[in-house]
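Inside the fold
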Amino acid sequence: MHALPRPVAVVVGAGGVLGAAHVGAGYALEERGFVPDLIVGTSVGALIGAIAAAHPDGSAPWLDRVWTRLRRREVYPLGYLSSRVSVFTDRGLRRLIARAGLPSRIEQLPIPFTAVAMDLGTGAPALLDHGDLESALLASAAVPGILPPVDREGRTLVDGGVIAYVPVLAALQAGAASVVVLSTGPESSPLPPAVPRRRASAIAARAGLLLIHHQIERDLHEVSQRVPTVVLPTGIDTWPAPWDFGHAQRLISTASRTAGDFLDGLHISGPGLYRADDDPAASTRPDEASTSSVLEVGL
C-alpha cells in the first residue's frame, strides 16, 4: 500500500445492507496502518465514508458495533409515509447520522470527503464536497421512490448509486493519483452466463444486475488506465437479500480476513487494475432475492 502514488482515495460503493462488507474491508486497512488522503462514497458508502473521514484513527470498531445491531425498521420505518415522493421517511437515516458524531459541515472532516448523488433534473452526478454534511448524506442515499429526494443548492438530488455505483470517476476528478475501491454485492464480481426463469421479476432482476455490473466495470477500466486502481476482495460467496440485516457479522468478518490477505500480497507497479482473480464471489450465481429489489441500489 505504501507504493501507491499520493494522494490516495478510498472509494466506497453503494450496496445497502451489503455495506457491512465495507466495514470488514475498513478493518483490514486500519489494521495495516493505512490512512487515505481523501474518501469518496455513494449511498451507504457515503455514510460509511463520512464516518471514516471523521475518525481517521479508527472507525471500523464503531461501525462494527452499529452495523451488527442495526435492523431494517431503524432505516426503513414502516407506517410513516412522508409524502407521495417516497415509501418511507428519512427519519431513521437521520437518527443514524446523528448517532455517528459527525461535524455539521463537510469541510470540518479531518479527511477530505465527497458524497456522490445524482441530479434528478439533469441526470448528472452531483459531487458534494462542501457545505452541510447531513443533507449530503441524505441525498447520496435517497433511493428513488424509497427515500425522499433532497433539495440542495437549487437541485433535486437522489441516490448516487443510480449513476455511480462505485464512484471511481469522482475520485479521479477530485485529484486522486491512485484509488482503493470497496465494492460489494454480486454486481461487483464477474457474472456467469445465465438465463433467468421466464418470470417478469427474474428477467428484470437479471437486467438490473447486468446494468450495474457493466457500469462498474466500465468505470473501473477507465480509471485504471490512468492510475493504480486496487479493488479489495470480500471473499463472500453468499450475499443476503438487500433488506436482510441479519448477516452483518458474517459479512464483516469474511471481508476483513479476505481483504487483509489480499493486501498483504499486493504489489503495485504503475497504473492498472489490481484485484483478486480467485475471489469466491466471482463464481457465485446471485439469487433473485439479492437482485430483484430497488433497495439494492442505495442504502
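Higher on the page you've got the structure.
Residues numbered from 1 in each chain as written. Predicted model: local features only at pLDDT ≥ 70, side-chain atom pairs only at ≥ 80, totals over all residues. Heavy atoms only, no water.

1. So, unusual backbone geometry
Cis rather than trans, the peptide bond between Arg6 and Pro7 has omega equal to 0 degrees. Note that Pro7 resides in the segment before β1 (8–12). Positioned with a positive phi, Glu153 is a non-glycine residue whose angle comes to about 50 degrees. Relative to the helices and strands, Glu153 resides in the loop between β5 (150–152) and β6 (155–159). We classify Glu153 as exposed; its relative accessible area is 52%. (Helix = DSSP H or I, 4+ residues; strand = E, 2+ residues; numbered from the N terminus. Buried < 20%, exposed > 50% of the residue type's maximum accessible area, 1.4 Å probe, protein only.)

2. A short note on the nonpolar core
Counting residues in hydrophobic clusters, the biggest one holds 72 residues, and the most contacted among them are Leu29, Leu102, Phe113, Leu137, Val180, Val230 and Leu232. Ranked by residue count, the leading element in this core is helix α2 (residues 44–54), at eight residues. Excluding residues within four positions of it along the chain, Val180 makes contact with Met1, Leu4, Val8, Ala9, Val10, Val11, Leu29, Phe34, Val230 and Leu232. If you look at the next biggest cluster of nonpolar residues, it comprises 22 residues, including Val11, Ala14, Val179 and Ile216. (Core = buried A, V, L, I, M, F, W, Y, C linked by side-chain atoms within 4.5 Å. Contact = heavy atoms within 4.5 Å.)

3. Remarks on the side chain of Asp64
If you trace the backbone, Asp64 turns up in helix α3 (residues 60–69). Despite its burial, Asp64 pairs with no opposite charge; the closest candidate is Arg65, at 7.8 Å N-O. If we ignore the near neighbours within four places in the chain, the residues touching Asp64 are Val23, Tyr27, Gln249 and Ile252. (Lys, Arg positive; Asp, Glu negative; His and termini not counted. Salt bridge = Lys/Arg side-chain N within 4 Å of Asp/Glu carboxyl O.)

4. Quick look at α2
Along an α-helix, residues three or four apart share an orientation, since each turn contains 3.6 residues. Burial runs high along α2: 10 of the 11 residues are buried. Inspection of α2 places Val44, Gly45, Ala46, Leu47, Ile48, Gly49, Ala50, Ile51, Ala53 and Ala54 among the buried residues, and these make up the whole buried set.

5. Details of the pattern of salt bridges
This structure, assessed with the given rule, holds eight salt bridges. Between Arg94 and Glu134 there is a salt bridge, and its shortest N-O distance comes to 3.1 Å. Of the two residues, Arg94 is situated in helix α5 (residues 91–99) and Glu134 in helix α6 (residues 133–140); the sequence distance between them amounts to 40 residues. Sharing partners across several salt bridges, the network here consists of Glu31, Arg32 and Asp264.

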